[in-house]
Amino acid sequence: MQKQLNKNDRIPLEITSVTAEGSGVGRYEGLAVFVANAAVGDRIIAHIIKVKKKYAVARIHQIAVPSPERIQPDCPAFQQCGGCAWRHISYEAECRLKERLVADAFARIGGLAIMPRPILAAERTEGYRNKAQYPVGGGTAQELKIGFFAPRSHRIVDCRACRLQPPEFTGALRAFAHWITESHVSIYHEETGLGLLRHIYLRKAEATGEVMACAVVNGDALPAQELLLRELLREVPGLASLMLNSNTARTNVVLGPTCKTLWGADGIVDELCGMRFFISPLSFYQVNRAQAERLYRKAAEYAALTGEETLLDLYCGAGTIGLTMAGRARQVIGVEVVPEAVEDAKRNAALNGVRNARFLCGDAAMAAQRLAEEGIRPDVIVIDPPRKGCDAQLIGAIAEMAPARVVYVSCDPATLARDLKRFAEMGYLAREATPVDLFPRTGHVETVCILSARQNCEEAE
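The rules behind the values
Counting from 1, residues in each chain are numbered in the order their sequence is written. The predicted origin of the model limits local features to residues at a pLDDT of at least 70 and limits the giving and counting of side-chain atom pairs to 80 or more, whereas totals for whole chains, interfaces and linings rest on all residues. Derived side-chain values reflect all non-hydrogen atoms in the structure, with water molecules and hydrogen atoms excluded from consideration. Any two rings among Phe, Tyr and Trp, with Trp reduced to its six-membered ring, count as a pair given centres within 6.5 Å; such a pair is stacked if its planes are under 30 degrees apart, edge-to-face if over 60, and tilted if neither. Runs of H or I in DSSP of at least four residues are treated as helices and runs of E of at least two as strands, each being numbered from the N terminus. Here a cavity means grid points, on a 1 Å grid over the protein atoms only, where a 1.4 Å probe fits yet cannot get out; a pocket means an open set of points with protein on both sides within 12 Å along at least five of seven lines; lining residues are those with an atom within 4 Å of a point. Grid points are joined across faces, edges and corners, and a volume is the space filled by probe spheres set on the points. Three categories are distinguished: nonpolar for Ala, Val, Leu, Ile, Met, Phe, Trp, Tyr, Cys and Pro, charged for Asp, Glu, Lys and Arg, and polar for the others, with Gly belonging to the last. Strand pairing follows a simple DSSP-based rule, namely that at least 2 bridges must link the two strands. With axes taken as lines fitted to C-alpha atoms, and helix axes fitted only over the stretch in contact, angles between N-to-C directions fall between 0 and 180 degrees. A contact between two residues is defined here by any heavy atoms of the two lying within 4.5 Å. For every residue, the accessible area (1.4 Å probe, protein chains only) is compared with the maximum for its type, and the residue is labelled buried under 20%, exposed over 50%, or partly exposed between those bounds. In the analysis that follows, any N or O atom pair within 3.5 Å is treated as a polar contact, provided that within protein one partner can donate a hydrogen and the other can accept it, and provided that, for residues neighboring in sequence, both atoms belong to side chains. Geometric relationships in this document are graded by angle, where less than 35 degrees denotes roughly parallel, more than 145 denotes roughly antiparallel, 65 to 115 denotes roughly perpendicular, and other angles denote oblique. Crossings are assigned a handedness: left-handed for a near helix turned anticlockwise from the far helix by less than a right angle, right-handed for a clockwise turn.

Enquirer: In this structure, what is going on with the packing of aromatic side chains? I would like to understand it.
Expert: What characterises a pair of aromatic rings is the spacing of the ring centres plus the angle enclosed by the ring planes. Inspection of the entire model under this criterion finds 4 aromatic pairs. Taking 5.1 Å as the distance between ring centres and 40° as the angle between the ring planes, the aromatic pair formed by Y134 and F148 counts as tilted. One end of the pair, Y134, is in strand β7 (residues 131-137); the other, F148, is in strand β8 (residues 145-149), and 14 residues separate them in sequence. When the centroid spacing of 5.9 Å and the interplanar angle of 80° are considered together, the rings of F176 and W179 count as edge-to-face.

The structure is reproduced here in structure tokens:
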């Protein structure tokens, strides 16, 4: 007879798999039990904290036999902060795990027969992030918290020296903390909508060393601006820009729609794949420059451009993917719904002397109609959608344009697998996929995939 599991029970459990969010999974009397910060191969005593009809949630009470993949976490905020998922296992084990997560999504969600290629692992797992958004909390100087939200909450875990961020960010946070306490800057409270400072937003251009500091405020001005600037210049040698972002909406969205330069340049300039890119506060730019270069090289390999093709870059953002391929295409057409990003893309094309690229503001359906009116059919389409992936209408619009190849860059294996299944129904088959680890120690993994029209696959066979 199956034992009924109850809250506060303690049970022996062997961890046999993990989720992308960092929870280990074991089975007790056939019931799946999810355990935070567990590793495959751990044998533990699990303390049950929640029981549902089809699963249970537990925490580790005792590790009886540790997994061979387990290591000692090197960050005091690891188990409280929602940033890292895999700081308790070796990086080699993390890469194997991410390969498996992509392969499992392809098989389980997409029903795909292809096996992903080996992951492109990162050479550097510390200090690689070039962007960070720190929520600020606390009512007094003694209560001040600057860090990250705990998982599935808006409780701020104080963390001012994150191992994923460059040292300049730690210095910038010291400057902001000094300014907050010395100038008695009020902190925004979500519950009331009152208070000034909401977030501290930092960006770094790794190739040039330039740093942008941005205060996100519930207003349109900063008190004691000179003090903040003086502290930042003292703590951050590469400071190039101090910005103000106004966000007065009662929303969870971090950035508001308007930015103002308080000191220095309107943005910073980085180098990627031999090109220079201007980065404004609202620009989309991959957070890991070194791995982004490897990702874009793989995307270019899959695009297989010969110099004769028209390349359509959907979700083009600031134009990074399309512009890095422009030298191998007859023409590049970028499409993006965010007007500011389109202006960034145009600026980046001019910055690099690229004359065979143009950028349209709108969605894929608009682009398809406009290109059809001009008698243009893209030979290759690159898509780099947000985590939610592509909707059915977009996939239909891409199939309607009938490119020879589609290169899909994804930040979520589950939505990628779902979309590849939809593409197959529209006549485009996934031929090869390569995971790229842009986010070491976190639960995220990027994947780039090449799809071909079914008739092209059949002809190749």
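Read on, since the account is not over.
Enquirer: How should empty space enclosed by the protein be read in this particular structure?
Expert: The rolling of a water-molecule-sized probe over the atoms marks out the regions of remaining empty space. Counted according to the given criterion, the structure contains 1 cavity of 30 Å³ or more. The volume enclosed by the largest cavity comes to roughly 40 Å³. Considering each element in turn, the lining of the largest cavity owes the most residues, 3 residues, to helix α1 (residues 91-108). Each residue belonging to the lining of the largest cavity can be placed in one class, and the counts come to 7 nonpolar, no polar and 2 charged.

Enquirer: Explain the sheet that holds strand β13 (residues 258-264) to me, please; I cannot follow it from the model alone.
Expert: Two modes of strand pairing occur in sheets, parallel and antiparallel, and in both the strands are linked by backbone hydrogen bonds. On the basis of which strands lie adjacent, the open sheet formed by 7 strands has the order β9-β8-β7-β10-β11-β12-β13 and mixed pairing. Both outer strands of the open sheet, β9 (156-158) and β13, are each paired with one neighbouring strand and no more. On average, each strand axis in the sheet is tilted by 35° relative to the strand beside it, whichever way the strands run. Note that β8 and β9 share 3 bridges and pair antiparallel. The residue bridging F148 from the neighbouring strand is V157, located in β9. The sheet contacts of helix α2 (residues 167-183) involve β7, β8, β10 (197-204) and β11 (211-217), and relative to β10 the element is tilted by about 150°. The strands touched by helix α3 (residues 225-235) are β11, β12 (239-246) and β13; relative to β12, the strand with the most contacts, the crossing angle is about 140°.

Enquirer: So what exactly am I meant to see when it comes to the sheet that holds strand β19 (residues 380-383) here?
Expert: Spatially, 7 strands are ordered β18-β17-β16-β19-β20-β22-β21 in an open sheet, and the strand pairing comes out mixed. Unpaired on one side and paired on the other, β18 (357-361) and β21 (428-436) mark the two borders of the sheet. Averaged over all pairs of adjacent strands, the angle between strand axes in this sheet comes to 15°, irrespective of strand direction. Alignment of strand β16 (residues 310-314) against strand β17 (residues 331-336), held across 5 bridges, turns out to be parallel. Paired with L314 across the two strands is V335, which belongs to β17.

Enquirer: Looking at this structure, how should I read the pairing of strand β5 (residues 43-51)?
Expert: Each regular strand shows side chains that alternate between the opposite faces of the sheet. When strand β1 (residues 10-14) meets β5, the two strands line up antiparallel, connected through 5 bridges. Bridge pairing in β5 links L13 to I44. The pairing of β5 with strand β6 (residues 55-65) spans 8 bridges and is antiparallel. Paired with K50 across the strands is V57, a residue of β6. Counted along the chain from β5 to the antiparallel partner β6, the turn is 3 residues long.

Enquirer: Sorry if this is basic, but what is going on with helix α8 (residues 392-401) here?
Expert: One turn of the α-helix equals 3.6 residues, which is why residues spaced by three or four share an orientation. Taking burial as the measure, the 10 residues of α8 include 7 buried ones, the bulk of the element. The complete set of buried residues in α8 reads L394, I395, G396, A397, I398, A399 and M401. With its phi angle positive at about 55°, A402 sits one or two positions after the end of α8.

Enquirer: Help me understand the side chain of K98 in this model?
Expert: Position of K98 among the secondary structure elements: in helix α1. Overall, K98 belongs to the buried group, its relative accessible area being 0%. Only 2.8 Å separates the side chain of K98 from the side chain of D437, close enough to count as a polar contact. If we ignore the near neighbours within four places in the chain, the residues touching K98 are W86, I119, D437, F439, P440, R441, T442, H444 and V445.

Enquirer: So what exactly am I meant to see when it comes to unusual backbone geometry here?
Expert: Excluding glycine, residues mostly carry a negative phi; peptide bonds, for their part, are mostly trans. In this model, N8 sits at a positive phi of 75°, which is unusual for a non-glycine residue. Positionally, N8 belongs in the segment before β1. Residue classification places N8 among the partly exposed residues on the basis of a relative accessible area of 49%. Positive phi is not limited to glycine here, since E29 has a value of about 55°. Looking at the secondary structure, you find E29 in the loop between β3 (23-28) and β4 (31-36).

Enquirer: Quick question: what am I supposed to make of the pairing of β3 here?
Expert: Burial runs high along β3: 5 of the 6 residues are buried. Here 2 bridges tie strand β2 (residues 17-18) to β3, and the two strands are oriented antiparallel to one another. Bridge pairing links V18 to G24 in β3. Counted between consecutive antiparallel strands, the loop separating β2 from β3 contains 4 residues, among which G22 sits at a positive phi close to 105°. Pairing between β3 and β4: 6 bridges, direction antiparallel. Counterpart to Y28 in the pairing with β4 is L31. Linking two consecutive strands that pair antiparallel, namely β3 and β4, is a turn of 2 residues; a positive phi of about 55° is found at E29 within it.

Enquirer: What should I look at first to understand the packing of α2 against α3 in this one?
Expert: If you want to describe how two helices pack, look at the angle between their axes and the distance between the axes. With their axes 8 Å apart at the nearest point, α2 and α3 run at an angle of 155° to one another. With respect to their mutual orientation, α2 and α3 come out roughly antiparallel. Viewed along their axes, α2 and α3 form a crossing whose handedness is right-handed. Residue-level contacts link G171, A172, R174, A175, F176, H178, W179, E182 and S183 of α2 to L227, L228, E231, L232 and E235 of α3. Looking at side-chain class alone, the contact of α2 with α3 contains 7 nonpolar, 3 polar and 4 charged residues.

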